[in-house]
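Now for the letters of each chain:
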Amino acid sequence: MALGIFSNDIAIDLGTANTLIWVKGKGIVLNEPSVVAFDRVSKRIVAIGHEARSMVGKTHRDIQTIRPLEDGVIADFEITEGMLRAFIRKISPQWQPARRMVICVPSGITEVEKRAVRDSAEHAGAKEVYLISEPMAAAIGINLNVAEPVGNLIVDIGGGTTEIALISLSGIVGHESIRVAGNEMTDAIVQYFKQNYNILIGDRTAEMIKCQVGSAVPFAEEVDIEVKGRDLVAGIPRMIRVSSVDIRQALNPTITEMVSAIRTLLERMPPELSADIFDRGIMLTGGGALLKGLDERIRLETNLPVHVAEDPLSAVVRGTGKVLENIDEYSAVLIKNRRY
Ligand code: ADP
Ligand code: MG
């Protein structure tokens, strides 16, 4: 899909699981998995996004699939940069050097990591780079008025990280960031089948199970599903039936960790802001917020109102896009540029 020359300015949600790009004046133009297929021999990227994702777990030994942002920060600098360039090329084949980019980064990111993100963006053609923290972008994306002297608690559950941030007066008052989120839930399902049934299932299968029947609180009617994988003893493909009760049990330790990170931040909150959260509640964003019953579970464990954002997967890019469209109005929320 070539857009031609519409605008030079873009906003990017470079997520651990998905990358979304917003073009100024157009809205969201790209939404693809943050996956790269890499040829070990030629050292070249052979596919990105959906195409690379469809290769995960099905490659031969010369091709490797990588999620370069696995833990929420740039684990593999060169490959991330290559992926970013390829995505940008995909939306706009014409080389546009005078480009402004707003990119969101996890709230706990170090100066060195910020530098790496800035460099990547500059190498990908940006002339002006602005960074914004992910929970701030999510808050703006769901139309909270972040400039008010009022506390807003955002929990953004992505693939690699859960970011919990208390926002007031255009700034982050406190944050917790843990490397436990959607991927960890998927892994827990893989482990569950290995340990309890001696059956090895693939990541994509586990993710499908999580999205379809995973839950954080009991269902009114529990369901059974059929799961296919490789029997680790007999070494052949096998199918078994399990209940949604089992899947919930597999997910429980991960959910408990996320809830305890939320509690940690709640315990550290200044009292005036605690009072705001008591009234306004917690906002859930990110793909992990779609886990069935997660809002109810957090409500039960914190006694606070909990809301799932509308379209939680795009909240961050919508916020980042809004900042791009109104950069002067939002200058206070941008991460200050520190040069060395
Ligand atoms: P990131 O910002 O890190 O790229 P996203 O916000 O895009 O992450 O969320 C991706 C995560 O959300 C993945 O772990 C994915 O499995 C999970 N996810 C997506 N849909 C659902 C669903 N319906 N139920 C549970 N988890 C989901
Ligand atoms: Mg995200």
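Remember, it's a predicted structure, so these values are computed and weren't measured experimentally. (Residues numbered from 1 in each chain as written. Chains lettered and ligands numbered in written order. Predicted model: local features only at pLDDT ≥ 70, side-chain atom pairs only at ≥ 80, totals over all residues. Heavy atoms only, no water.)

1. Describing the site of ligand 1
Piece 1. Taken together, the neighbourhood of ligand 1 is formed by 17 residues, with Thr16, Ala17, Asn18, Glu207 and Lys210 sitting nearest.
Piece 2. A distance of 2.5 Å separates an oxygen atom of ligand 1 from a polar side-chain atom of Thr16.
Piece 3. Ala17 places a polar main-chain atom, nitrogen or oxygen, 2.7 Å from an oxygen atom of ligand 1.
Piece 4. Within the complex, 88% of the 580 Å² of free accessible area of ligand 1 lies under protein.
Piece 5. Listing elements by their share of the shell around ligand 1, those giving two or more residues are helix H5 (182-197) and helix H6 (203-213).
Piece 6. A per-element tally of the shell around ligand 1 places H6 first, with three residues.
Piece 7. Classifying every residue of the shell around ligand 1 gives five nonpolar, ten polar and two charged. (Near = heavy atom within 4 Å. Polar contact = N/O pair within 3.5 Å; in protein donor to acceptor, adjacent residues only side chain to side chain. Areas by Shrake-Rupley, 256 points an atom, 1.4 Å probe, with all protein chains shown as cover. Helix = DSSP H or I, 4+ residues; strand = E, 2+ residues; numbered from the N terminus. Nonpolar A, V, L, I, M, F, W, Y, C, P; charged D, E, K, R; others polar.)

2. What to know about the sheet that holds strand E3 (residues 27-33)
Piece 1. What the five strands build is an open sheet, ordered E3-E2-E1-E7-E8; its pairing is mixed. Two strands bound the open sheet, and with one partner strand each, they are E3 and strand E8 (126-133). With strand direction ignored, the average angle separating the axes of adjacent strands in the sheet is 20°.
Piece 2. Pairing geometry for strand E1 (residues 10-14) and strand E7 (residues 99-105), over four bridges, is parallel. Note on E7: the bridge partner recorded for Ala11 is Val102.
Piece 3. Of the strands in this sheet, E7 and E8 are in contact with helix H3 (residues 111-123), which crosses E8 at around 145°. (Pairing = 2+ DSSP bridges. Axes fitted to C-alpha atoms, helices over the stretch in contact; angles between N-to-C directions. Contact = heavy atoms within 4.5 Å.)

3. A few points about the pattern of salt bridges
Opposite charge on two side chains permits them to pair, given that their charged atoms come into close proximity.
Piece 1. The tally for this structure, following the rule as stated, stands at twelve salt bridges.
Piece 2. The shortest N-O distance in the salt bridge between Arg100 and Glu128 comes to 2.9 Å. Pair noted here: Arg100 is in strand E7 and Glu128 is in strand E8, with a separation of 28 residues, a long-range link.
Piece 3. Across the pair Asp231 and Arg238 runs a salt bridge whose closest N-O atoms are separated by 2.5 Å. (Salt bridge = Lys/Arg side-chain N within 4 Å of Asp/Glu carboxyl O.)

4. Regarding the side chain of Asp276
Piece 1. Structurally, Asp276 can be placed in helix H8 (residues 271-280).
Piece 2. This buried residue, Asp276, is left without a salt bridge; Arg280 holds the nearest opposite charge, at 6.4 Å.
Piece 3. Within the structure, the side chain of Asp276 is placed 2.8 Å from the backbone nitrogen of Gly151, a separation counted as a polar contact.
Piece 4. With residues up to four places along the chain from it excluded, the contact list for Asp276 reads Pro149, Val150, Gly151 and Gly281. (Buried < 20%, exposed > 50% of the residue type's maximum accessible area, 1.4 Å probe, protein only. Lys, Arg positive; Asp, Glu negative; His and termini not counted.)

Just distances and angles here, no functional claims.
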